[in-house]
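Summary of structural features
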Amino acid sequence: MTGQQRHADHEVVVIGAGFGGIGAGIALQRKGIHDFIIVDKWDRVGGTWHANTYPGVAVDIPSFIYSFSYEQRGDWSRIFAPGTELRDYADDMVDKYGLRPKLRSSTTIVSAVFDADDGLWLLGTDGGRSMTARFVVMAVGGLERPKMPEIPGLRDFGGVLVHTALWDDDVALADKRVAVIGTGATALQLVPAIVDRVAHLTVFQRTPIWVFPKTDAAVGRLGRAVLNQPLLRSGIRFAGTVATEIGMGGLVAGPSWLTDAGRRLAEIPVRRWMRSQVHDPVLRDKLTPRYGLGCKRPSMSNDYLSTFNRSDVSLVTEPIGFIGEHGVVTEDGAHHDADVLICATGFKLWEKDSVPPFPVVGRDGLDLGEFWDRHRFQAYHGVSVPGFPNLFSITGPYGFVLGSYIWMIEATAAHLSRAIAETKRRGATVCEISRPAHDEYFAKCLRRQQKNFLFTDVCAGSNTYYINSHGDSPFRPSTHGEMYWQNRHFDLNDYHYGHGVAVRETGPVLEGSA
């Protein structure tokens, strides 16, 4: 059987050249796996930081935390680095770790089908060509497909229509009437960045957001001197990581009595600061959330709220009825003129046909998107799913702990590279997560999830993307420390190893009963 199997074009194909794909490539090299390529639809690495170029784009976690533990930098221009620096950081890592020859840019994977007889994945591309891989790593990222609002008449708008994730620098904003739909983390950065350029800015808000003051500043000579000292830099990073762990990860992993008390205490100074930023009491009330802190992704800005004090800025909270040729019409019949309509409406994060972003077909014709749609999102440590041998994910469901995205990348990249290396060590060609191990992990996540405050009245009306269409929150309900340890020390026998159909496992698929 083994001798009859076809040889793969590449041992591993990594799909995506953002931080996830770069982290996966480095992890594979560290395990002695060098026959791999990294495929990306863009013409440059960086993923999200290459795609998102809207005005004001920047990281919303301090840069010394939002960076790889093995590639810490001391040359950030600001505490919260602008997007271009994150993109350049990705570029530098590709060169430093010798990944440039492995890149296949401007190539979009459109399908992935597993051949059980040969234990290979057949990958189709947008150019009509195909390639085979022994193992596939899905590193397409969670912020992959922009989500346009489902508003009647959107395509009939006669002015310029743009989504923040598909920003066009040629769009003229100067002296234009600009409308922004959405008030999430992106809008908090965009609105203050463009307000001085436009004639009038109208912001359409469905749900107000919690806003923290942003302790941002330029990193001057003293700051660079400190950050260029490895021990000092690591100490600062550790302190920031612990603070982020407590403030974000603790919300979903801590005991309810403690997290509830901590959340209520934290709300007091934040609400007081928010209210101090807005002069008009009616406007202030509209911008104040009614749901609890942490139900939606909290964001930071020193000038977003105060922007609404300006006479050339309007906040509209009436629901949108439809989009007309010359602007937005709200349900109360009011017409809001616009020359440019900007959709700051996020991404298709947990939606069918978006995760994964192309058909992925495993054993017996099992489609991954269909499986998740019917049986709820699930994956062993966010990495592996039964029925999909040799397929691993960097950003799978129940893999991400709230905090720095980089933490998850390092953890899941370590997990998948360990599993692939073990497959090779055993002389096998196929590895597949066992259903008992996967189902035990999923059941544990569901049990913990039941204690999550996201599902209480505290979060009613928050319209949070933390909860998907199944009523689940596919974030890993654990601490960063647990995620770090378990992805590096899981029982290697949780996977089955063999040759092609030799590892095939039968049995029921868990459908979500904890």
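Let me begin by describing the structure that accompanies this report.

Let's shift gears to the overall build of the protein chain. The secondary structure content of the protein chain amounts to 13 helices and 20 strands. Relative to the 2.2 N^0.38 estimate, which gives 24 Å for 514 residues, the radius of gyration of the protein chain is 24 Å and therefore close to what a compact globule would have. In terms of principal-axis extent, the alpha carbons of the protein chain reach across some 75 × 50 × 45 Å. Expressed as a percentage of the 514 residues in the protein chain, the buried residues total 57%. Partitioning the contacts of the protein chain with sequence separation of at least 6, the portion at a separation of at least 24 is 73%. If you sum the accessible surface of the protein chain, you get close to 21,700 Å²; carbon and sulfur atoms cover 52% of it.

Within this structure, the stated rule accounts for one disulfide. The side chain of cysteine 295 participates in a disulfide bridge whose partner is cysteine 459; the two sulfur atoms lie 2.0 Å from each other. Because the torsion about its S-S bond is -80°, the bridge between cysteine 295 and cysteine 459 counts as left-handed. With cysteine 295 in the loop between α8 (281–286) and β11 (299–300) and cysteine 459 in the loop between α12 (435–449) and α13 (480–489), this residue pair connects regions lying 164 residues apart in the sequence. Here cysteine 431 stays unpaired: no disulfide links it, and the sulfur of cysteine 445, its closest cysteine neighbor, is 20 Å away. Here cysteine 445 stays free of any disulfide, with the sulfur of cysteine 459 as its closest cysteine sulfur at 19 Å.

Looking now at unusual backbone geometry. Even without being a glycine, aspartate 175 presents a positive backbone phi close to 60°. You can see aspartate 175 is positioned in the loop between β7 (160–163) and β8 (177–181). On the accessibility criterion, aspartate 175 (66% relative accessible area) is exposed. Its identity as a non-glycine residue notwithstanding, tyrosine 398 has a phi of 65°, on the positive side. By the secondary structure assignment, tyrosine 398 is in the loop between β18 (391–393) and α11 (405–425).

Moving on, we come to a nonpolar patch on the surface. Nonpolar side chains collect at one region of the surface, where Phe238, Val242 and Ile246 lie side by side and expose about 320 Å² of accessible area between them. Its place among the elements puts isoleucine 246 in helix α6 (residues 230–253). Isoleucine 246 sits in the exposed class, given a relative accessible area of 60%.

Secondary-structure assignment places lysine 176 in the loop between β7 and β8. Taking the relative accessible area as the measure of exposure, lysine 176 reaches 33% and is therefore partly exposed. In contact with lysine 176, other than residues within four places in its own chain, are Val198, Ala199, His200, Asp339 and Val340.

This part takes up the sheet that holds strand β13 (residues 320–324). Within a sheet, each strand pairs with its neighbour through backbone hydrogen bonds, oriented either parallel or antiparallel. Judged by pairing direction, the sheet is antiparallel, and its three strands sit side by side in the order β13-β14-β15 without closing on themselves. With one partner strand each, in any of the chains shown, β13 and β15 (335–337) form the two edges of the open sheet. Here the average twist between neighbouring strands, direction ignored, is 25°.

To continue, consider the nonpolar core. It is characteristic of soluble globular proteins that their nonpolar side chains tend to be buried jointly. With 134 residues, the main nonpolar core has Phe19, Leu201 and Tyr495 as its most contacted residues. Broken down by element, this core gets its largest block of residues, 10 residues, from α11. One finds Leu154, Phe157, Ile181 and Ala338 within the second-largest nonpolar core, a separate group that totals 11 residues.

Examined against the element boundaries, glycine 327 turns out to sit in strand β14 (residues 327–330). Under the relative-accessibility criterion, glycine 327 is labelled buried at 0%. With 149 residues separating them along the chain, glycine 327 and valine 178 place their C-alpha atoms 9.4 Å apart. Excluding anything up to four places from it in sequence, glycine 327 contacts Phe157, His335, His336, Asp337 and Ala338.

Once that is clear, we can look at the packing of aromatic side chains. In this structure the tally under the stated criterion is 23 aromatic pairs. Arranged with centres 5.9 Å apart and planes meeting at 75°, the rings of tyrosine 70 and tyrosine 97 form a pair that is edge-to-face. Placement of tyrosine 70 in the loop between α2 (48–51) and α3 (83–96) and of tyrosine 97 in the loop between α3 and β3 (103–104) is noted, with a sequence separation of 27 residues between them. The class of tyrosine 70 is partly exposed, set by a relative accessible area of 22%.

All right, on to the pattern of salt bridges then. Any two side chains of opposite charge can pair, on the condition that their charged atoms come close. Under the definition given, this model contains 23 salt bridges. Across the pair arginine 44 and aspartate 88 runs a salt bridge, and its minimum N-O distance is 3.0 Å. Separated by 44 residues along the polypeptide, arginine 44 in the loop between β2 (36–39) and α2 and aspartate 88 in helix α3 bring together distant segments of the chain. By relative accessible area, which is 33% here, aspartate 88 ends up partly exposed. Taken together, the salt bridges that share partners define one network made up of Arg44, Arg87, Asp88, Asp91, Asp95 and Arg100.

Before going further, it helps to spend a moment on α11. With 21 residues, α11 ought to run about 30 Å at 1.5 Å a step, and its terminal C-alpha atoms sit 30 Å apart, in line with that. Among the 21 residues of α11, 18 are classified as buried, and the element is accordingly described as predominantly covered. Remark: glycine 427 follows α11 within two positions and exhibits a positive phi of approximately 75°.

Contact geometry of helix α1 (residues 19–30) with α11 gives a least axis separation of 8 Å together with a crossing angle of 40°. With respect to their mutual orientation, α1 and α11 come out oblique. Here α1 and α11 pass one another in a crossing that is right-handed. Contact residues: Phe19, Gly20, Gly23, Ala24, Ala27 and Leu28 in α1; Ile406, Ile409, Ala413, Ala414, Leu416, Ser417 and Ile420 in α11.

Okay, the sheet that holds strand β12 (residues 313–316) next. Pairing within the open sheet is parallel, and its five strands lie in the order β7-β16-β8-β9-β12. The sheet terminates laterally at β7 and β12, the two strands that pair on one side only. Averaged over all adjacent pairs, the angle separating strand axes in this sheet is 15°, with direction ignored. As defined by bridge partners, strand β9 (residues 200–204) adjoins β12 across four bridges and the pair is classed as parallel. Considered in β12, the bridge of valine 203 is made with leucine 315. In the packing of helix α4 (residues 185–194) onto the sheet, contacts are made with β8, β9 and β16 (340–343), and the angle to β9 comes to roughly 165°.

Scoring rules and cut-offs
Residues numbered from 1 in each chain as written. Predicted model: local features only at pLDDT ≥ 70, side-chain atom pairs only at ≥ 80, totals over all residues. Heavy atoms only, no water. Helix = DSSP H or I, 4+ residues; strand = E, 2+ residues; numbered from the N terminus. Rg over C-alpha atoms; globule rule 2.2 N^0.38 Å. Buried < 20%, exposed > 50% of the residue type's maximum accessible area, 1.4 Å probe, protein only. Contact = heavy atoms within 4.5 Å. Areas by Shrake-Rupley, 256 points an atom, 1.4 Å probe, with all protein chains shown as cover. Disulfide = S-S within 2.5 Å. Patch = residues over 30% accessible without salt bridge, like charges linked within 9 Å, V, L, I, M, F, W, Y side chains within 5 Å. Salt bridge = Lys/Arg side-chain N within 4 Å of Asp/Glu carboxyl O. Pairing = 2+ DSSP bridges. Axes fitted to C-alpha atoms, helices over the stretch in contact; angles between N-to-C directions. Core = buried A, V, L, I, M, F, W, Y, C linked by side-chain atoms within 4.5 Å. Phe/Tyr/Trp six-rings, centres within 6.5 Å; stacked < 30°, edge-to-face > 60°. Expected span 1.5 Å × (residues − 1). Parallel < 35°, antiparallel > 145°, perpendicular 65-115°, else oblique. Left-handed = near helix turned anticlockwise from the far one by under 90°.

The analysis is restricted to geometry; functional conclusions fall outside its scope.
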